[in-house]
Amino acid sequence: MPAMRIVSLLPSATEIVFALDLGDSLVGVSHMCDYPAAAQGLPVVSRSIRSKTHLSSAEIDAIIQQARAAGNPLYVIDGDLLRRLQPDLILTQELCEVCAVGTGSVFETAAKVLDYTPEILSIRPASLDDIFKNIGLIGEAAGVPARAEALLGQLRSRTDYVSQQAADGLAHKVFCIDWLEPLRNTGQWTPELVELAGGVEGLAEKWGKSREVGWDEVLEYQPDYVMVMPCAFNMDRTIAETAKLLERPEWSSLNAVKEGRVYLFDGQIPSRHGPRVIDVLEGLAEAMRPQMFDGLTQPGIFRAATLGLSVAAG
C-alpha cells in the first residue's frame, strides 16, 4: 500500500504530524508552517494575501479589520499545486480566520481542483482536552492511533506533574497578553494553562475568546505577573513590540513591572494548539515558581524581561 499523502494547512497540525513521526507523509504545508525545521522545505500550498512580517501589531490589526469589514479572505490556496500533490488527507481548522486558511475555502478548493474526494479533517479546539483529542483524531485519520496514544501519554504525564506540584501554592494573579495594539487578553486554552501552572487569569475567560482589554481594567486588576505572548510573533518580534509598552504611562504603574515579574514568550508557540502547549505550561510554571520548576522548560520558550524590557539571558 502506498504511503499516505498529507497536506497540512495550519502550523499546529504540521507540528502534530511530525510529533507522530509522519514527516515523510507530509507533502504540502501552509506558508506559516515553520516548525520543525523539516517543514520549511516542503511545498507551500497557501499564501497570505499581503505580507505582514514587517508590520507592527497596530498595522496588522488594521489590515485584519479591513479584510473582515470587506468580507475578503486573508489567505488563498494554490489549487494547481494541491492538484499536483494529490493528498489523501487534508488538515485544516475552524478556530481562527486570522491564523490559517478557513475550512470553507479548503472544501471549496478541493472540490474544484480534485477529481476525487480526500479526507478533510477540520479541528477547532478550545481546551487542553480538545487539543489532546485532536492529536488522537489526526493519529486515527493518518492510520497511527498507537503513536498518538503514546504521545498523549507523555503529554498528560508532563501536565500532571506541573499541576500536582503547583497545586499547593498560592494562586498568583496573571495577565497574559495576546496582542499589543490594541491590547488583548488570551483565550481558549491559555487561561487553563495558567490555572494548571498555579495561577489565575482574572481578565480572561477559560476556553473563551480573546477580547480587547482596557488599561483601566489592567490597573484595577494589578496582576502579580505579566506574560507577553503576542499571537504568531516569534521572540525577536515579541521583544520589539513589547518595547513599545514603555510609551504607556500605565505600564510603569503595574506592580508586576516594578517588581520585575514580566516574562516574554515566543508567541508562535502558545497560539498553536499542538504538543508544544505543554512547553508553554512548563514555562508559565517556571516563571511563577522558579524554585520549584527551575530548568523544567525547553530553551527558547520564555525569557524574563527587566523594567526597561531588556531581556535577561535564558
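Residues numbered from 1 in each chain as written. Predicted model: local features only at pLDDT ≥ 70, side-chain atom pairs only at ≥ 80, totals over all residues. Heavy atoms only, no water.

## What to know about the confidence of the model for the protein chain
It should be kept in mind that the predicted coordinates are not to be read in detail where pLDDT is low. Cut-off, in case you're wondering: Looking at any residue, its pLDDT shows the predictor's confidence there, from 0 to 100. Whether two residues are in contact is decided by their heavy atoms, any of which lying within 4.5 Å being enough.
Of all residues in the protein chain, 86% attain a pLDDT of 70 or more, and the chain-wide mean is 89. Confidence drops under a pLDDT of 50 for residues 310-314, and excluding neighbours within four residues, the segment shows nine contacts in the predicted structure.

## Some points on the packing of aromatic side chains
Condition: Stacked, edge-to-face and tilted are the three classes for Phe, Tyr and Trp ring pairs, Trp counted by its six-membered ring, which pair at centre distances within 6.5 Å; planes under 30 degrees apart are stacked, over 60 edge-to-face, the rest tilted. Helix numbers and strand numbers start at the N terminus; a helix is a DSSP run of H or I with at least 4 residues, a strand a run of E with at least 2. Relative accessible area decides the class of each residue, using a 1.4 Å probe on protein chains only: under 20% of the type maximum gives buried, over 50% gives exposed, and in between gives partly exposed.
The tally for this structure, following the rule as stated, stands at five aromatic pairs. On the numbers, 5.0 Å between centres and 55° between planes, the contact of W179 with F233 is tilted. Taken together, the residues span a long stretch of sequence, with W179 in strand β7 (residues 172-179) and F233 in the loop between β10 (225-228) and α9 (235-242) at a distance of 54 residues. Considered together, W179 and F233 belong to a single accessibility category, that of buried residues.

## Things to note about the packing of helix α6 (residues 145-166) against helix α11 (residues 277-288)
Just so we agree on the cut-off: Throughout, an axis means a line fitted to C-alpha atoms (over the contacting stretch in the case of helices), and angles, computed between N-to-C directions, take values from 0 to 180 degrees. For classification purposes, an angle smaller than 35 degrees is called roughly parallel, one larger than 145 roughly antiparallel, one from 65 to 115 roughly perpendicular, and anything else oblique. The handedness criterion is simple: a crossing whose near helix is rotated anticlockwise from the far helix by less than a right angle is left-handed, and one whose near helix is rotated clockwise is right-handed. By the convention adopted, Pro, Cys, Tyr, Trp, Phe, Met, Ile, Leu, Val and Ala count as nonpolar, Lys, Arg, Asp and Glu as charged, and the other residues, Gly among them, as polar.
Between α6 and α11, the least distance of the axes is 10 Å, while the angle of their chain directions is 15°. Considering their axes alone, α6 and α11 lie roughly parallel with respect to each other. Taken as a pair, α6 and α11 cross one another with a handedness that is left-handed. On α11, the residues touching L155, R158, T159 and V162 of α6 are I278, D279, L281, E282 and A285. A breakdown of the residues in the contact of α6 with α11 according to their chemical character gives five nonpolar, one polar and three charged.

## Here's the deal with the packing of helix α5 (residues 128-141) against α6
Interaxial distance between α5 and α6 falls to 7 Å at its minimum, and their mutual angle equals 160°. Viewed along their axes, α5 and α6 adopt a mutual orientation that is roughly antiparallel. Read as a crossing pair, α5 and α6 show a hand that is right-handed. From α5, L128, F132, I135, G136, G139 and E140 reach across to α6, where they touch P145, A148, L151, L152, L155, R156 and T159. Residue composition of the contact of α5 with α6, grouped by class: eight nonpolar, three polar and two charged.

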